[in-house]
Amino acid sequence: MIPAPGQTLADIATRLATHLLPELGSEYGQADAGLLATLLLTISQDYERAVDNRMTDVEEMRDLFESATGAPNLNALLEYTQSQPQSLHLRDVNAHHAQGFEYLIELHTWAEHHSADLDTEIWAFLRRHNERNKFDIPGP
Amino acid sequence: MNPNLQLFGEQIADYLSGVWAAECNLETISQIPGGASRETYRINLKRDGNPCGVVLRRDPPSSLIDTERAHEYKTYQAVFKSGVMPVPEPIVLEEDPGALERPFSIMALVPTGSPSPAALDEVAMQAAKPTLAQNKWSLLGKLASHSATELGVDEFMDTPTHPAQRELAYWTGVIRDDALHPQPIAEAAIRWLERNMPAPTSHLCLVHGDYRTGNYLYTEEGEITAILDWEMAHIGDPLEDLAWSLDPLWSGPDPRMAGRLIRREAALKIWEDSSGLIVDRTAFRWWQIFASVKALAIWISSAEDYVNGTTKEPILALAGWPMMDRQSRILLDRLSPESTNSYAEPLL
């Protein structure tokens, strides 16, 4: 096996962009190949980090939930802090992460009116989450 | 030429022979890239022996934005008739899928101009940028200066009593219906928009709905030869188009630039001079946040379409990754209390 599938995807994207794309005759074909190369590059960037990033989010959400004294649905939040994804397959990690995000949305809505500190902490978490999942891809 | 494309082009020529009661023969046909909402083809014909170019837009099995082709076509007709902005001349709308398997519309080919956002950064365009910016925001201001009734679009478009409320409700619905994963940044922005809803505007006009780099044709002299992609057009608040056109997503490498051309304040001044309207800064801030939420809704919807729809266009999948990432960053920069404004400058 090649233990670096993310890098391999990036290599395929480069190969597509530098070797195959220039050989294509039509403007449409070239544009489509360019999009496919960009898509492969995007996936290559997410591939290696996806599970780690979701689990880091989950850990940080646990901290937020544990500090959410007075929040409605606190029992569910605390229960979430004790739970784990069914496996480390990405689909299971995503499902667990999605549940955390649902709780986070509820908590953020509450914090906006009841806890300025928690509101600020949630925004800070969202910025870290976004930074972790940033793509290094040219814009539109 | 691709034999399937050649055959398709000949079918179009036959169809136009019937429409024009003239002899039409195919010369060339090519598919235009970037038509995420419709398949788009450039066709050169001989019409009774004379050169004639058309552009055909055909419904795909799945698209980036769910829109009605008749709505877009009627908008092109209204704008073309008014002359308020340059648009391609609409030729025919065919809603019967029998002719070319799926409904389509045909417009006259605009012979000059490029839509390329990236080409705006090339050396050849640097001198023309101020002229292009002047034209871009003057035209938008001109559109804002005409009422929906003057343009006749209120004959087939709803007239909202509260445009901001209506737009927010619609795009919030798209996010909640189509999100493949919960969206805490979008939800926080929606709550902000609900808390800060502006009063309904007293100035209703035709809103293009996607007035941005990539949706107009320009020349190296800075002239705009056509405004394209009217599928999201509606009657609403003119600040909606202005805010959308200034969103940092369209800025290119320098996030301070509006549409890769000039600083936002300068663009806003051109628009004010042209429209005769003064921008209400409080309402405009609302529309700036709204622009990012609407864009996020489109990317979310595209990702859903890629996963659950029948078309596997790579642009739909890309919308779900880097585009959502960027748009979320813009919202975070603008709304989070300790923002460093590294990606989007503070609201105007």
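These numbers were taken from a predicted model, which means no experiment stands behind them. (Residues numbered from 1 in each chain as written. Chains lettered and ligands numbered in written order. Predicted model: local features only at pLDDT ≥ 70, side-chain atom pairs only at ≥ 80, totals over all residues. Heavy atoms only, no water.)

Notes on helix H8 (residues 264–275) of chain B
All names here are of chain B.
Next up, step 1: In this model, H8 (12 residues) spans 16 Å end to end at C-alpha, consistent with the 16 Å of a helix rising 1.5 Å per residue.
Next up, step 2: Of all the positions in H8, only Arg264, Ala267, Leu268, Ile270, Trp271, Glu272 and Ser275 are classed as buried.
Next up, step 3: Contact partners of the buried residues in H8: helix H3 (129–145), helix H7 (238–245), strand E10 (257–258), strand E11 (262–263) and helix H9 (281–308). (Helix = DSSP H or I, 4+ residues; strand = E, 2+ residues; numbered from the N terminus. Expected span 1.5 Å × (residues − 1). Buried < 20%, exposed > 50% of the residue type's maximum accessible area, 1.4 Å probe, protein only. Contact = heavy atoms within 4.5 Å.)

Let's talk about the side chain of Glu94 of chain B
All names here are of chain B.
Next up, step 1: In this fold, Glu94 is placed in strand E4 (residues 90–94).
Next up, step 2: In this structure Glu94 is buried but unpaired, with Arg69 as the nearest side chain of opposite charge at 9.2 Å.
Next up, step 3: A polar contact is formed between the side chain of Glu94 and the side chain of Tyr15, at a distance of 2.6 Å.
Next up, step 4: Those residues within four positions of Glu94 in sequence are excluded, and the remaining contacts are Tyr15, Ala99, Pro103 and Phe104. (Lys, Arg positive; Asp, Glu negative; His and termini not counted. Salt bridge = Lys/Arg side-chain N within 4 Å of Asp/Glu carboxyl O. Polar contact = N/O pair within 3.5 Å; in protein donor to acceptor, adjacent residues only side chain to side chain.)

Considerations on unusual backbone geometry
Most peptide bonds take the trans form, and the phi angle of most residues other than glycine is negative.
Residues and elements named next belong to chain B.
Next up, step 1: Not every positive phi belongs to a glycine, and Asp48 is a case in point at roughly 50°.
Next up, step 2: Topologically, Asp48 is positioned in the loop between strand E2 (39–47) and strand E3 (50–58).
Next up, step 3: A residue is classified by how much of its surface remains accessible, and Asp48, at 51% relative accessible area, is exposed.

Remarks on the environment of Ile91 of chain B
Residues and elements named next belong to chain B.
Next up, step 1: Considering the arrangement of structural elements, one finds Ile91 in strand E4.
Next up, step 2: A C-alpha to C-alpha distance of 9.4 Å links Ile91 and Tyr73, two positions 18 residues apart in sequence.
Next up, step 3: Beyond its immediate chain neighbours, meaning those up to four positions away, Ile91 contacts Leu16, Trp20, Val54, Tyr73, Ile106, Met107 and Ala108.

Focus on the nonpolar core
Residue and element names in this part refer to chain B.
Next up, step 1: Counting 108 residues, the largest nonpolar core has Met85, Trp137 and Trp230 as its most contacted members.
Next up, step 2: Ranked by residues supplied to this core, first place goes to H9 with 14 residues.
Next up, step 3: Looking at which domains feed residues into this core, each of domain 1 (3–108) and domain 2 (118–335) supplies at least three.
Next up, step 4: Apart from the residues lying within four places of it in its own chain, the contact partners of Trp137 are Leu242, Ser245, Leu246, Ala258, Gly259, Leu261, Ile262, Ala267, Ile270, Trp271 and Ser274. (Core = buried A, V, L, I, M, F, W, Y, C linked by side-chain atoms within 4.5 Å. Domains from an automatic or database assignment.)

Observations regarding the domain arrangement of chain B
Residues and elements named next belong to chain B.
Next up, step 1: Under the domain assignment used here, chain B contains domain 1 (3–108) and domain 2 (118–335).
Next up, step 2: The C-alpha-based centres of domain 1 and domain 2 are spaced at 26 Å.
Next up, step 3: Contacts between the two partners involve 23 residues from domain 1 and, on the opposite side, 30 residues from domain 2.
Next up, step 4: Interface of domain 1 and domain 2: buried area, both sides summed, is about 2,300 Å²; carbon and sulfur atoms make up 65% of it.
Next up, step 5: Applying the counting rule to domain 1 against domain 2 returns two salt bridges.
Next up, step 6: A salt bridge links Arg57 to Asp229, with the nearest nitrogen and oxygen atoms 3.4 Å apart. (Buried area = accessible area lost by both parts, 1.4 Å probe.)

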